[in-house]
Structure formats: structure tokens, C-alpha cells
Amino acid sequence: MDAIRTAEYARALYSAHGDKAEAEVAQKMQRCQEAGKTAEAEDWKSVRQMILSLRGPNQS
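In this report, we go over the structure that sits alongside the text. All figures in this text were calculated on a predicted structure; none of them were measured in a lab. (Residues numbered from 1 in each chain as written. Predicted model: local features only at pLDDT ≥ 70, side-chain atom pairs only at ≥ 80, totals over all residues. Heavy atoms only, no water.)

### A closer look at helix α2 (residues 20–34)
For α2, built from 15 residues, the straight-helix expectation of 21 Å at 1.5 Å per residue is met to within 8% by its first-to-last C-alpha distance of 21 Å. Listed in full, the buried residues belonging to α2 are Ala21, Glu22, Val25, Ala26, Met29 and Cys32. Seen end-on, α2 carries its buried residues on one side only, within an arc spanning 135°. Those residues of α2 that are exposed and aimed more than 90 degrees away from the buried face are Lys20, Arg31 and Glu34. Residues of α2 that are buried make contact with α1 (3–17) and α3 (38–55). Within two residues after α2, Gly36 carries a phi angle of roughly 80°, on the positive side. (Helix = DSSP H or I, 4+ residues; strand = E, 2+ residues; numbered from the N terminus. Expected span 1.5 Å × (residues − 1). Buried < 20%, exposed > 50% of the residue type's maximum accessible area, 1.4 Å probe, protein only. Arc of directions from axis to C-beta. Contact = heavy atoms within 4.5 Å.)

Take a look at the structure:
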């Protein structure tokens, strides 16, 4: 998946699910890994990293 598509997925998921988007993407990534779909799992990993950057740093 290219960087533009990754950013679009991340923004859409984050706007639809807020902070829960990261957890949903992590679940999808894990399911892909368990099914042996390593390329798809890497795509979801990239989406997850983009969501993390959209969220910004954690506050304490």
C-alpha cells in the first residue's frame, strides 16, 4: 500500500473511531499475521503507525 492510501485509511479510521481506531487496526494486523498474510499485516502496521502520529503524544 502506498503512503497516500495508508494516510487516507488512517484518517478515515481515526475520524470514525477516534482513539479506538488503533486497537481495531491492531486486531486486523494480528488476524492477518495469524493467517499468514504478512504483506497485508505490514500494510495494517503502517496504518497503525499513521494513526499514532495523528493522535500525537500521550498526555499525562
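### Notes on α3
Because each turn of an α-helix spans 3.6 residues, side chains separated by three or four positions in sequence point in the same direction. Across its 18 residues, α3 extends 26 Å between first and last C-alpha, which sits within 8% of the 26 Å expected from 1.5 Å per residue. Buried-residue contacts for α3 involve α1 and α2. Directly beyond the C-terminal end of α3, a positive phi value near 85° is found at Gly56.

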